[in-house]
Amino acid sequence: MSPSPSLAYAYFILCIISSLSYVTSAASSNCQGCVQLDSYSFEKVVSKFKAAIIKIDVAYPYGEKHEQFGKLSAALSANPDILVAEVGVKDYGDKENVDVAERYKIVKEDYPVMLLFQQGKTEPIRYQGEFKLDVMQRFVSSTSGLWIGLPGCLEVFDGLANRFVAASNPSDRKEILRQAEDEWDKVSLTSERKSAEVYVKVMRKMLEKGNDFLGSELSRVDTLRKGKLSKEKKDEMDRRLNILQSFQMANPTTNVEL
């Protein structure tokens, strides 16, 4: 005996709902390394880290922005000083975590919103850029001052870049440049040698033209990377921009829109 049309239709609808629930659950769980926070755990956990990257979003997030945030979480997972977390907000039923969104003046239409908290500071910095891995990485690195290993960057040279920009005396800068050149000689991998060369050339240009060179070079490279380039060339421009951002950490007046 075959089921009645009404029962068959009800079963069909139930299958669709079950499938959608599975897809939504799977899509919202692809943020590896993300800590799930709520109204009770938020302040207790966030305050323990030098930097905390928090995404305020719907309770069951999905889509490209959520996936890019998941990639950011994976990229930062090795750094014990950085927390990556999500707060899922429900504007229905028990209205879970609505108070967190309201505290930072976030409305539903803005979701997702990424906030960066720094230890010792009460107010977070609200991210205004694209939800793209490389852009978010640069934001976290330049805002927090923590080294997170952006593509193309080298930790030793990032430290030298920060010292170089912080030094006001030309003789001190020349000494740091000499140290960078010595470190360049020690690098053996071809890809790392290319990066080291960029650091050294930027220092030389800044000695010659002053700090204004950094701002103009950031704008130039940013304009180039937004043009029609091959993937290889665009990757090269992205790596160069990451290196320039290493100098920017100690010289925040040279911001460019990424």
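What you see as residue numbers is a count from 1 along each chain, following the sequence as written. Residues qualify for local features only when their pLDDT is at least 70, as the model is predicted, and side-chain atom pairs are given and counted only at 80 or more; totals for whole chains, interfaces and linings, by contrast, use all residues. For side-chain calculations, the full set of non-hydrogen atoms in the structure is used, while hydrogens and water are omitted.

Strands are runs of DSSP state E lasting at least two residues, helices are runs of H or I lasting at least four, and both sets are numbered from the N terminus onward. Secondary structure assignment for the chain yields 10 helices and five strands. Carbon and sulfur atoms make up 54% of the accessible area of the chain, which totals about 14,800 Å². Here the open area of atoms and residues is found with the Shrake-Rupley method and a 1.4 Å probe, where only the protein chains shown may cover a residue.

Another point: the packing of helix α7 (residues 170-186) against helix α8 (residues 190-209). Relative to each other, α7 and α8 sit at 165°, their axes nearing to 10 Å. With respect to each other, α7 and α8 are oriented roughly antiparallel. Between α7 and α8 lies a crossing whose hand is left-handed. On the side of α7, the interface is formed by Pro170, Arg173, Lys174, Ile176, Leu177, Ala180, Glu181, Trp184 and Asp185, while α8 contributes Arg193, Ala196, Glu197, Val200, Met203, Arg204, Met206 and Leu207. In the contact of α7 with α8, the residues fall into 10 nonpolar, no polar and seven charged. Fitted lines through C-alpha atoms serve as axes, helices being fitted only where they are in contact, and the angles separating the N-to-C directions of these axes extend from 0 to 180 degrees. Angle categories are assigned with fixed cut-offs, so that under 35 degrees is roughly parallel, over 145 is roughly antiparallel, 65 to 115 is roughly perpendicular, and the rest are oblique. Crossing chirality is assigned from the near helix's rotation relative to the far helix, an anticlockwise turn below a right angle marking it left-handed and a clockwise turn marking it right-handed. Residues are treated as being in contact if the distance between any of their heavy atoms lies within 4.5 Å. Throughout this entry, Asp, Glu, Lys and Arg are counted as charged residues, while Ala, Val, Leu, Ile, Met, Phe, Trp, Tyr, Cys and Pro are counted as nonpolar. The remaining residues, Gly among them, count as polar.

In this scheme Phe, Tyr and Trp rings, the latter by its six-membered ring, pair at centre separations within 6.5 Å, and the angle between planes marks the pair as stacked below 30 degrees, edge-to-face above 60, and tilted otherwise. Using the criterion set out here, one finds eight aromatic pairs in the structure. Considering the side-chain rings of Phe42 and Tyr104, the 6.1 Å spacing of their centres and the 45° angle between planes classify their relative orientation as tilted. In this pair, Phe42 is assigned in helix α2 (residues 42-46) and Tyr104 in the loop between α4 (98-103) and β4 (113-118), connecting sequence segments 62 residues apart. What makes Tyr104 buried here is its relative accessible area of 15%. A centroid spacing of 4.8 Å and a plane angle of 55° characterise the contact between Tyr127 and Phe139, whose relative ring orientation is tilted. Of the two residues, Tyr127 is situated in the loop between β5 (125-126) and α5 (133-144) and Phe139 in helix α5; the sequence distance between them amounts to 12 residues. Only protein chains enter the accessibility calculation, which uses a 1.4 Å probe. A residue is then buried if its area is under 20% of the maximum for its type, exposed if over 50%, and partly exposed in between. The class for Tyr127 is buried, based on a relative accessible area of 8%. Members of the aromatic cluster, connected to one another through ring pairs, are Phe157, Phe164, Tyr199 and Phe247.

This paragraph deals with unusual backbone geometry. Cis geometry is found at the peptide bond from Tyr111 to Pro112, where omega equals -10°. Mapped onto the elements of the fold, Pro112 is located in the loop between α4 and β4. Of note in the backbone geometry, Lys95 takes a positive phi value of approximately 50° without being a glycine. Summarising the element assignment, Lys95 is placed in the loop between β3 (82-89) and α4. Looking at Lys95, the relative accessible area reads 47%, which means it is partly exposed.

To continue, consider the sheet that holds strand β2 (residues 51-58). A pair of strands counts as paired when DSSP detects no fewer than two bridges linking them. Strand order in this open sheet of five strands is β1-β3-β2-β4-β5, and the pairing throughout is mixed. Two strands lie at the open edges of the sheet, namely β1 (35-37) and β5, each paired on one side alone. Pairing between β4 and β5: two bridges, direction antiparallel. Bridging from a neighbouring strand, Leu116 pairs with Ile125 of β5. Seen against the sheet, helix α3 (residues 64-76) touches β2, β3 and β4 and runs at an angle of roughly 150° to β3. Sitting on the sheet, α5 touches β2, β3, β4 and β5, and the angle it makes with β4 is about 25°.

Attention now moves to helix α9 (residues 212-225). Side chains that are three or four residues apart share a direction in an α-helix, a result of its 3.6 residues per turn. If you check α9, its first and last C-alpha atoms are 20 Å apart, about what 14 residues at 1.5 Å a residue would give, namely 20 Å. Among the residues of α9, those classed as buried are Phe213, Leu214, Glu217, Leu218, Val221, Asp222 and Arg225. For α9, the arc enclosing every buried residue in end-on projection is 155°, short of the 170-degree limit, so these residues lie on one face. Relative to its buried face, α9 has exposed residues pointing more than 90 degrees away, namely Asp212 and Thr223. Contacts made by the buried residues of α9 are with α5, α8 and α10 (231-248). Each residue after the first adds 1.5 Å to the expected span of a helix. In this description, the arc belongs to the directions extending from the helix axis to the C-beta atoms.

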